[in-house]
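# Coordinates in review
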Amino acid sequence: MCDELKDQDYMFSFVEEIGGTSLCSVASGSGCSGREIEYANKWQEKEMAEISSEKTRLGKMLESDPKLKSDSKKWIKQRLAILKQLEVASAGTSEL
């Protein structure tokens with residue numbers, strides 16, 4: 001495994017997959033792919049209830065289909081990470 005993680009792309013993919021994290025920062029757009037930025041922009045103006053509902057839907061998709069392709073799983077996890085960031089950002093602004 002050490003030889004595989006010498007490649008930075010493999011290491012980032014491994015950390016994202018195992019850690020359930022994302023390198024994409026919705027606030028700054030750094031580390032995000034074009035697809036992630038487009039998705040974040042689409043969901044930034046949504047209500048918390050809609051975001052929560054989408055998180056639930058994506059979570060169920062992830063749990064219910066063990067035959068999902070690796071790319072599909074990765075995209076679902078990326079969307080979940082984006083939605084979590086949007087929730088945190090929204091909670092921070094609503095407390096003010």
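### Overview of the environment of L83
- In this fold, L83 is placed in helix α4 (residues 70-94).
- Here the alpha-carbon distance between L83 and I51, two residues 32 residues apart in the chain, equals 6.4 Å.
- Those residues within four positions of L83 in sequence are excluded, and the remaining contacts are Y39, W43, I51, E54, K55 and L58.

### Focus on the nonpolar core
- Core analysis: the largest hydrophobic core is formed by 13 residues, its most contacted members being Y39, W43, L58, I82, L83 and L86.
- Of all the elements in the fold, those that place two or more residues in this core are α2 (34-44), α3 (48-64) and α4.
- Not counting residues up to four positions away in its chain, the partners in contact with Y39 are E54, L58, W75, R79, I82 and L83.

### Details of the pattern of salt bridges
- Applying the stated criterion across every chain yields a total of two salt bridges.
- The partner of R57 in a salt bridge is E54, and the shortest N-O contact between them spans 2.9 Å. With a gap of three residues between them, R57 and E54 both fall in helix α3, about one helical turn apart.
- On the accessibility criterion, R57 (40% relative accessible area) is partly exposed.
- Judged by its relative accessible area of 10%, E54 is buried.
- Across the pair K55 and E87 runs a salt bridge, and its minimum N-O distance is 2.6 Å. Residue K55 is located in helix α3, and its partner E87 is located in helix α4; the two are separated by 32 residues in the primary sequence.

Criteria and cut-off values
Residue indices begin from 1 for each chain and proceed along its sequence in written order. Reporting of local features is limited, given that this is a predicted model, to residues whose pLDDT is at least 70; pairs of side-chain atoms are given and counted only at 80 or more, and all residues count toward the totals for whole chains, interfaces and linings. Heavy atoms throughout the structure, all of them, feed into the side-chain values; hydrogens and water do not. Labels follow the DSSP assignment, with helices taken as runs of H or I lasting at least four residues and strands as runs of E lasting at least two, numbered in each case from the N terminus. Whether two residues are in contact is decided by their heavy atoms: any pair within 4.5 Å suffices. Residues belong to one nonpolar core when they are buried, are Ala, Val, Leu, Ile, Met, Phe, Trp, Tyr or Cys, and are joined through side-chain atoms within 4.5 Å. We call a residue buried when its accessible area falls under 20% of the maximum for its residue type, exposed when it is over 50%, and partly exposed in between, using a 1.4 Å probe and counting protein chains only. Definition used for salt bridges: Asp or Glu carboxyl oxygen within 4 Å of a side-chain nitrogen of Lys or Arg.

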